[in-house]
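Fold and contact review
For reference, the chains in residue letters:
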Amino acid sequence: LARPSVEAAVEVPHEHIASSAPCTVLTLDLATAAPQEALLSRVPFRLALRPDCCMTSLLLRVEAPLGVPATCSTTASARRCTVLHLPGASPAGGGDTGSSSVPWPRPLLVPGAERPLVEGHISTSWAAGGSIRVTVELAVPAGPGGSPADGPLQICAEFLLPAEL
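Residues numbered from 1 in each chain as written. Predicted model: local features only at pLDDT ≥ 70, side-chain atom pairs only at ≥ 80, totals over all residues. Heavy atoms only, no water.

**Brief notes about unusual backbone geometry**
Positive phi, normally seen in glycine, also occurs at R42, with a value near 50 degrees. Note that R42 resides in the loop between β2 (24-28) and β3 (43-48). (Helix = DSSP H or I, 4+ residues; strand = E, 2+ residues; numbered from the N terminus.)

**Section: the side chain of S123**
In this fold, S123 is placed in strand β9 (residues 117-126). From its side chain, S123 meets the backbone nitrogen of R42 in a polar contact 2.8 Å long. Apart from residues lying up to four places away in sequence, S123 is in contact with L40, S41, R42, R133, V134 and T135. (Polar contact = N/O pair within 3.5 Å; in protein donor to acceptor, adjacent residues only side chain to side chain. Contact = heavy atoms within 4.5 Å.)

**Describing the nonpolar core**
Counting 28 residues, the largest nonpolar core has F45, M55, L86, I122, V136 and L138 as the members making the most contacts within it. Counting only elements with at least two residues in this core, the list comes to β2, β3, β5 (57-63), β9, β10 (132-140) and β11 (153-161). If near-sequence neighbours (up to four positions away) are discounted, I122 is found in contact with V25, L40, S41, R42, V43, F45, L60, V134, T135 and V136. Core analysis: the second largest hydrophobic core is formed by six residues, V10, V12, I17 and V83 among them. (Core = buried A, V, L, I, M, F, W, Y, C linked by side-chain atoms within 4.5 Å. Buried < 20%, exposed > 50% of the residue type's maximum accessible area, 1.4 Å probe, protein only.)

**Notes on the side chain of T124**
Its place among the elements puts T124 in strand β9. Reaching out from T124, the side chain makes a polar contact with the backbone nitrogen of L40 at a distance of 2.7 Å.

Listed below in structure tokens is the structure:
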């Protein structure tokens, strides 16, 4: 069983990325923005998965070239990114991430051939010590031709990103 976990500054080769295209969740001018403007509040995102891949994690990449507004995407190429390893849905349909009395679900595994679309929301807030708390809510609808038993997956996970990212 797996808890949600974070890997920072990881290089992920393009062939290991399950989505067909990135999704920008924030564009920010670092020269003029206040720190609170960098926080996300249930920002929606949608990722189309490649049929030859399985999604297990959400990749975050910040692009901040000088003189250009910074962007935060929910996918990445071989550049350094932060990997949010997601838990699978619990038997009750929710990804329980906080109760110590409930066992952690297995890691997330979404086959793109069976479930070609992942939708969700991402939120961030400041945490103690300058860390950032990231909350990810996923809704993975059943793919075309799926049976009623293959209903939508609902996953919610919380991550704590270290201040030194």
